[in-house]
Amino acid sequence: MNAAGRTGLDRMPEWHDLAKHREELGEVDLRELFAKDPGRAERHTVRAGDLHIDFSKHLITDETLRLLLDLAAATDVTGLRDAMFRGERINTTEDRAVLHTALRAPRDAEIRVVGDGGDGGGVGENVVPAVHAVLDRMGAFAERVRSGEWTGHTGRRIRTVVNIGIGGSDLGPAMAYEALRPYASREVAIRFVSNVDGSDLHEALRGLDPAETLFVVASKTFTTIETITNARSARAWLLEGLGPDADEEAVARHFVAVSTNAAEVAAFGIDTANMFEFWDWVGGRYSYDSAIGLALMVGIGPDNFHDMLAGFHTVDEHFRTAPPAANAPLLMGLLGIWYNAFHDAQSHAVLPYSHYLGKFPAYLQQLDMESNGKSVDRDGEPVRWQTGPIVWGTPGTNGQHAYYQLLHQGTKLVPADLIGFARPVAELSPRLRDHHDLLMANLFAQGQALAFGKTAEEVRAEGVTGELVPHRTFRGNRPTTTILAPRLTPSVLGQLVALYEHKVFVQGAVWNIDSFDQWGVELGKVLAKRVEPALTEGAEVSGLDASTAALVARYRELRGR
Ligand code: F6P
């Protein structure tokens, strides 16, 4: 338990100091802070691996940072961090270690799960050899599929891999596959199906030849209803498409599984020889660098996958060893807390200036909101402080022509991350070469406009008069972090994801919540199971409230049942 757990975060002197500081600071004027302090940009920029991270456009002074770092020290963020890296069972409500960092540890590292040494005590075996054994199996399998050596039931090579999974078993690989498209094989395409809405599978299978299609069923638990339903339908589609002589052996050529649950995989009818394993110390939303990334690995190839893992590891090491004042995830986490608690900010925007990162905000939504969307602390006591923000965003420049108006002139404070790259990922045709500078000019311009705005005097100096002046004035002082990297490579993607994973960790540590469970998603699942028979069989479902009962009745009427 950290100090926040013992006394309550909002009763800690460090919290009070921050509240007082916020009051004294009043409205921060970034123009003034920059004008007075030529070293500000340099002093508030840190490096993590290839990531150049500029925090200078935040509503902070050196004193703010000092107080935030005091809060981190008082809540023992680094203590919990070290416990995580050591394999302690910091996911207390599920009694599990949190070791996604072991997934990208080098082959010769040694990491053991505390409490797995027998009778619930001691330390277990070194997990790193098992991690690399699975990576090696994945690599061999991926190469066989990519080269055409792995053939389907009729002897034809695989042309499309369809990943069936949801949440952490979908968002990470789907996001990374899109992010790393230029690295992907053009011989084997990867598609992703997640939604139990049949239209998702319907569209994913459109135009595919069953003889050339391989399914990866990815599910940590292998009991997730959406995934199992989609996998069953996919199997029926396969058997129907392959014709009458297709049997269970045919299924084995076209279905592999990724899971922690061998018994359920076997019960589904997938040969466990075709199963790629991971472990209960990997949370679903922290799992795409485990075997959950199998389809991604087929797409981008084992070497690129390993480069991505090395990128993750670089930022893990940064987080583990960089001093607090230069520790990027720590600073990102603390700044989020600053806005969340002391500026009433409700949300956080992630704005990648890369079309390839189109799914990155959606991926971060699960990472952040499933982790820190909690309202009781580690001891089950209601928290009296704000926890996880609403995370959202889309790639620039598109968002500029949609919701940036609110960012610039709305009444809500929305701290934002602007993410950009010095070079485009793909070698673009000469005709497109100028696009990248224009894209990045927009990123830099947005950071500037948000921070420094445009004063009424500047507006008037442009000849605007009278009533129009306030409409054309920008108050500025809208905080952003700018993250600049050389290029969106597999390694840089790994670095970015690890940066956000650890940022989420830092915030959960300060708020004294368990960032690694997700009990909040259970109730809806249970209720859906209860309601379903009322829709399909017209069964009487007791205990339905009047609103839901009427909706179900109307649904049945509309369905003609
Ligand atoms: O319902 C939430 C959740 O448990 C996520 O945490 C997880 O990523 C997702 O469902 C999918 O779970 P599984 O990989 O076990 O199918």
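Computed from a prediction, not measured in an experiment: that's the story for all the values here.

## Digging into the overall build of the protein
Of regular secondary structure, the protein possesses 23 helices and 13 strands. Its C-alpha atoms give the protein a radius of gyration of 25 Å, within 12% of the compact-globule value 24 Å for 561 residues. Overall, the protein is about 80 × 65 × 60 Å in size when its C-alpha atoms are taken along their principal axes. Within the protein, buried positions represent 52% of all 561 residues. In the protein, 74% of the contacts between residues at least 6 apart in sequence involve partners at least 24 apart. Total accessible area on the protein stands at roughly 24500 Å², and carbon and sulfur atoms take up 52% of it.

## Let's talk about the site of the ligand
Taken together, 14 residues sit near the ligand, with S169, S219, T221, T224 and E370 positioned nearest. The separation between an oxygen atom of the ligand and a polar main-chain atom of G168 is 2.7 Å. Contacts to the ligand include E370, whose side-chain N or O atom sits 2.7 Å from an oxygen atom. When the free accessible area of the ligand is taken as 400 Å², the share hidden by the protein chains comes to 88%. Its residues assigned to classes, the shell around the ligand shows two nonpolar, nine polar and three charged.

## Observations concerning the packing of aromatic side chains
On inspection of all chains with the given rule, the structure shows 21 aromatic pairs. Relative to F319, the ring of F85 lies with its centre 6.4 Å away and its plane at 45°, an arrangement referred to as tilted. Here F85 is found in helix α6 (residues 77-85), whereas its partner F319 is found in helix α14 (residues 302-321), with 234 residues between them in sequence. For the pair F85 and F319, a shared accessibility class is recorded, and that class is buried. Aromatic pair F215 and W237: ring centres 5.9 Å apart, planes at 85°, arrangement edge-to-face. Within this pair, whereas F215 is found in strand β7 (residues 213-218), its partner W237 is found in helix α10 (residues 225-242), the two being separated by 22 residues in sequence. Overall, F215 belongs to the buried group, its relative accessible area being 0%. Given the relative accessible area of 22%, W237 is considered partly exposed. Members of the aromatic cluster, joined through ring pairs, are F85, Y286, F319, F505 and F516. When the ring centre of F319 is taken as reference, the NZ or CZ atom of R81 above it lies at 5.8 Å.

## Some details on a negative patch on the surface
Among the surface-exposed residues, D245, D247, E248 and E249 lie close enough to one another that they form a single negatively charged patch. Among the structural elements, E249 can be located in helix α11 (residues 248-254). On the basis of relative accessible area, E249 is assigned to the exposed category, the value being 64%.

## What about the pairing of strand β6 (residues 189-193)?
Each regular strand shows side chains that alternate between the opposite faces of the sheet. Judged from the five bridges that link them, strand β5 (residues 160-164) and β6 form a sheet pairing that is parallel. Of the residues in β6, the one forming a bridge with T160 is A189. Taking the sense of rotation as the criterion, the β-α-β connection linking β5, helix α8 (residues 171-179) and β6 turns out right-handed.

## Here's the deal with the sheet that holds strand β11 (residues 390-392)
The strand order across the open sheet formed by six strands is β1-β2-β13-β12-β10-β11, and the pairing between neighbours is mixed. Where the open sheet ends on each side, the last strands, each with one partner, are β1 (45-48) and β11. Going across the sheet, the axis of each strand differs from the next one's by a mean of 20°, ignoring polarity. As paired elements, β1 and strand β2 (residues 51-54) share four bridges and run antiparallel to each other. Across the sheet, A48 pairs through a bridge with L51, a residue of β2. The strands touched by helix α15 (residues 328-342) within the sheet are β1, β2, β12 (416-423) and β13 (480-487), with β1 carrying the most contacts at an inclination of about 130°.

## Re the pattern of salt bridges
Applying the stated criterion across every chain yields a total of 35 salt bridges. For the salt bridge of E110 with R112, the shortest nitrogen-to-oxygen distance reads 3.1 Å. Where E370 meets R285, a salt bridge forms, and the shortest distance between an N and an O atom there is 2.9 Å. Linking E370 in helix α16 (residues 360-372) with R285 in the loop between β9 (275-277) and α13 (294-300), this pair joins segments that are 85 residues apart in sequence. What emerges from the salt-bridge pattern is a single network uniting R104, D289, D316 and E501.

## With respect to the pairing of β5
For β5, a buried count of five out of five residues is recorded, marking the element as mostly surrounded by other parts of the structure. In β5, alternate side chains face the same way, and those of T160, V162 and I164 on one face and V161 and N163 on the other are all buried. Of the strand pairs in this sheet, β5 and β7 are connected by five bridges, and their pairing is parallel. Residue pairing for β7: V161 is matched across the bridge by L214.

## Some details on the sheet that holds β7
The strand order across the open sheet formed by five strands is β6-β5-β7-β8-β9, and the pairing between neighbours is parallel. The two strands at the open ends of the sheet, each matched to only one other strand, are β6 and β9. Looking at each pair of strands side by side, their axes are set apart by 20° on average, direction ignored. Two strands pair when backbone bridges link them, and strand β8 (residues 255-259) and β9 are joined in this way by three bridges, in the parallel orientation. Bridge pairing in β9 links S259 to E277. Along the sheet, helix α7 (residues 128-147) makes contact with β5, β7, β8 and β9, crossing β9 at roughly 145°.

Reading the values: rules and limits
- Residues numbered from 1 in each chain as written.
- Predicted model: local features only at pLDDT ≥ 70, side-chain atom pairs only at ≥ 80, totals over all residues.
- Heavy atoms only, no water.
- Helix = DSSP H or I, 4+ residues; strand = E, 2+ residues; numbered from the N terminus.
- Rg over C-alpha atoms; globule rule 2.2 N^0.38 Å.
- Buried < 20%, exposed > 50% of the residue type's maximum accessible area, 1.4 Å probe, protein only.
- Contact = heavy atoms within 4.5 Å.
- Areas by Shrake-Rupley, 256 points an atom, 1.4 Å probe, with all protein chains shown as cover.
- Near = heavy atom within 4 Å.
- Polar contact = N/O pair within 3.5 Å; in protein donor to acceptor, adjacent residues only side chain to side chain.
- Nonpolar A, V, L, I, M, F, W, Y, C, P; charged D, E, K, R; others polar.
- Phe/Tyr/Trp six-rings, centres within 6.5 Å; stacked < 30°, edge-to-face > 60°.
- Lys NZ or Arg CZ within 6 Å of the ring centre and 35° of its normal.
- Patch = residues over 30% accessible without salt bridge, like charges linked within 9 Å, V, L, I, M, F, W, Y side chains within 5 Å.
- Salt bridge = Lys/Arg side-chain N within 4 Å of Asp/Glu carboxyl O.
- Lys, Arg positive; Asp, Glu negative; His and termini not counted.
- Charge placed at Lys NZ, Arg CZ, Asp CG, Glu CD.
- Pairing = 2+ DSSP bridges.
- Right-handed = clockwise from strand over helix to strand, strands pointing away.
- Axes fitted to C-alpha atoms, helices over the stretch in contact; angles between N-to-C directions.

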